[in-house]
Amino acid sequence: MSLQGKTAVITGSNSGIGLGVARELARAGANVVLNSFTDREEDHALAGALAREFGVQARYIQADMSNGADCRALIEKAGACDILVNNAGIQHVSPIDEFPQDKWDAIIAINMTSNFHTMAAALPKMRAAGWGRIVNIASAHGLTASPFKSAYVAAKHGVVGMTKTVALETAEEPITCNAICPGYVLTPLVEAQIPDTMEKYNMGREEVIKKVMLERQPSREFATVEQMGGTAVFLCSDAAAQITGTAISVDGGWTAL
Ligand code: NAD
């Protein structure tokens, strides 16, 4: 399947799932716009490397997804935006009565409100182009809850709800809007937690992964960033043209429990 000639904007794409999705979209031929809030030399270098590897155009645009004006400016600066992947996200874990207000505000802004701004800015461009695909990276926590993650669970449920609303608002147009709900994915962020957890539980790497980290993931396997990217590419394909307003779980059975 070819996404040649399409431009994809992926928020929060200088690492992890965002980068994995950007890579798979580029492999399918799309030009890609990478984003994060950092604006380091290596962010721009990452875009250059992607362009060379896949023979597509790739750019990095700095924008802070906690700021509504920045979210909208990202879409404006991107020029075309045929495919929008809302991926930027952060986490904080704390009981609700101790949850710091600034962490709550940041999680709601980055993980949920940014999707509102980018979708609002991107839809007119998709309508003008006569084609559009929106893929929101939600989470198994967009469908179920865990203790101590009130802001994250609220934000991700919000993303799933917003996805359904935008799907209905665009239902008669050649535009779709879907959410991907990953379970535990082995990203650098998750990899970094393994050594500490091994020490805490006095377990080896495999035991920590299967018994502690993947306790709620029946497959006892991490999902991969390539699988998230492959699912995003499928949602951009003609085969998925009638798939809209759904939340697709890629979670090794987590939400089947
Ligand atoms: P990650 O930390 O590797 O990636 C997060 C990305 O968001 C980075 O590129 C970071 O630069 C960017 N980001 C953070 N704050 C930003 C801001 N203010 N403005 C712009 N960019 C910002 O983490 P990840 O695991 O790849 O997570 C990506 C998405 O997938 C998140 O929305 C996360 O909630 C979701 N998710 C991850 C998992 C998992 O197990 N890793 C599971 C379910 C859902």
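See the structure shown above.
Residues numbered from 1 in each chain as written. Predicted model: local features only at pLDDT ≥ 70, side-chain atom pairs only at ≥ 80, totals over all residues. Heavy atoms only, no water.

Trainee: How do you make sense of the sheet that holds strand β3 (residues 58-62) when you look at a structure like this?
Mentor: One key point about sheets: their strands pair by backbone hydrogen bonds, in either a parallel or an antiparallel sense. The sheet built from seven strands is open, its strands ordered β3-β2-β1-β4-β5-β6-β7 with parallel pairing. Each edge of the open sheet carries a strand with a single partner, namely β3 and β7 (247-250). Ignoring which end each strand starts from, the neighbouring axes of this sheet average 20° apart. One ladder, built from five bridges, connects strand β2 (residues 31-36) with β3; its direction is parallel. Looking across to β3, one finds that S36 is bridged to Q62. Here helix α2 (residues 41-54) sits on the sheet and contacts β2 and β3; the angle it forms with β3, its principal contact strand, is near 160°. Across the face of the sheet, helix α3 (residues 68-78) comes into contact with β1 (7-10), β2, β3 and β4 (83-86) while running at roughly 155° to β3. (Pairing = 2+ DSSP bridges. Helix = DSSP H or I, 4+ residues; strand = E, 2+ residues; numbered from the N terminus. Axes fitted to C-alpha atoms, helices over the stretch in contact; angles between N-to-C directions. Contact = heavy atoms within 4.5 Å.)

Trainee: Would you mind showing me how to read the nonpolar core here?
Mentor: Nonpolar side chains tend toward joint burial in soluble globular proteins. One finds L25, V32, L50, I83, V85, I180 and M228 to be the most contacted residues of the largest nonpolar core, which totals 36 residues. Among the secondary structure elements, those contributing two or more residues to this core are β1, α1 (16-27), β2, α2, β3, β4, β5 (132-137) and α9 (225-235). The dominant element in this core, judged by the number of residues it contributes, is α1, at six residues. Within the second largest apolar cluster, 24 residues are counted, among which are V9, L123, V166 and C177. (Core = buried A, V, L, I, M, F, W, Y, C linked by side-chain atoms within 4.5 Å. Buried < 20%, exposed > 50% of the residue type's maximum accessible area, 1.4 Å probe, protein only.)

Trainee: It is not clear to me how helix α8 (residues 205-213) should be interpreted in this structure. Could you clarify?
Mentor: At 3.6 residues per turn, the α-helix brings residues three or four places apart onto the same side. V208, I209 and M213 are the residues of α8 that are buried. Projected onto a plane normal to the axis of α8, the buried residues spread over an arc of 100° and lie on a single side. Buried-residue contacts for α8 involve α6 (188-191) and α7 (194-201). (Arc of directions from axis to C-beta.)

Trainee: How should I be thinking about the site of the ligand in this particular structure?
Mentor: Near the ligand you find 30 residues, and of these N14, S15, N87, Y152 and V185 are the closest. In this structure, an oxygen atom belonging to the ligand sits 2.6 Å away from a side-chain N or O atom of N14. Between the ligand and M65, the relevant distance is 2.8 Å, taken from a nitrogen atom to a main-chain nitrogen or oxygen of the residue. Counting residues per element, the ones that place at least two in the shell around the ligand are α1, β2, α5 (150-169) and α6. Shared between two domains, the shell around the ligand holds at least three residues of each, these being domain 1 (7-185 + 224-256) and domain 2 (186-222). (Near = heavy atom within 4 Å. Polar contact = N/O pair within 3.5 Å; in protein donor to acceptor, adjacent residues only side chain to side chain. Domains from an automatic or database assignment.)

Trainee: Teacher, can you tell me more about the packing of α1 against α9 here?
Mentor: The description of two helices packed together rests on the angle between their axes and the distance between the axes. Running from N to C, α1 and α9 cross one another at 50°; their axes reach a closest spacing of 8 Å. With respect to α9, the element α1 is oriented oblique. When the axes of α1 and α9 are compared, the crossing they make is right-handed. Contacts between α1 and α9 involve G16, I17, G20, V21, E24 and L25 from the former and V225, E226, M228, G229, G230, A232 and V233 from the latter. (Parallel < 35°, antiparallel > 145°, perpendicular 65-115°, else oblique. Left-handed = near helix turned anticlockwise from the far one by under 90°.)

Trainee: Can you walk me through the pairing of β4 in this structure?
Mentor: Here is the key point about a regular strand: its side chains alternate between the two faces of the sheet. Burial of the side chains of β4 extends over both faces: I83 and V85 are buried on one face and L84 and N86 on the other. With three bridges connecting them, β1 and β4 associate as parallel partners. In the strand pairing of β4, A8 is matched with I83. The pairing of β4 with β5 spans four bridges and is classified as parallel. Across the sheet, residue L84 finds its bridge partner in β5, namely I134. In terms of handedness, the path from β4 via helix α4 (residues 101-129) over to β5 forms a crossover that is right-handed. (Right-handed = clockwise from strand over helix to strand, strands pointing away.)

Trainee: Help me understand the state of the cysteines in this model?
Mentor: Note: disulfide means a covalent bond formed between the sulfur atoms of two cysteine side chains. Under the definition given, this model contains zero disulfides. Unpaired in terms of disulfides, C181 finds its nearest cysteine sulfur in C177, a separation of 12 Å. (Disulfide = S-S within 2.5 Å.)

Trainee: What is the right way to look at unusual backbone geometry in this model?
Mentor: Generally, phi is negative for residues other than glycine and the peptide bonds are trans, each holding for most cases. Its identity as a non-glycine residue notwithstanding, N202 has a phi of 50°, on the positive side. Its location among the elements puts N202 in the loop between α7 and α8. A positive phi angle is found at R220, which is not glycine, with a value near 55°. Its location among the elements puts R220 in the loop between α8 and α9. Taking the relative accessible area as the measure of exposure, R220 reaches 33% and is therefore partly exposed.

Trainee: Even after reading the chapter, I still don't get the packing of α4 against α5, so can you show me in this structure?
Mentor: Contact geometry for α4 and α5: axes closest at 8 Å, N-to-C directions at 15°. Classified by the interaxial angle, the pair formed by α4 and α5 is roughly parallel. Seen from above, α4 lies across α5 with right-handed handedness. In contact with W104, I107, I108, N111, M112, N115, F116, M119, L123 and R127 of α4, α5 contributes S150, A151, Y152, A154, A155, K156, G158, V159, M162, V166 and E169. Its residues assigned to classes, the contact of α4 with α5 comprises 14 nonpolar, four polar and three charged. (Nonpolar A, V, L, I, M, F, W, Y, C, P; charged D, E, K, R; others polar.)

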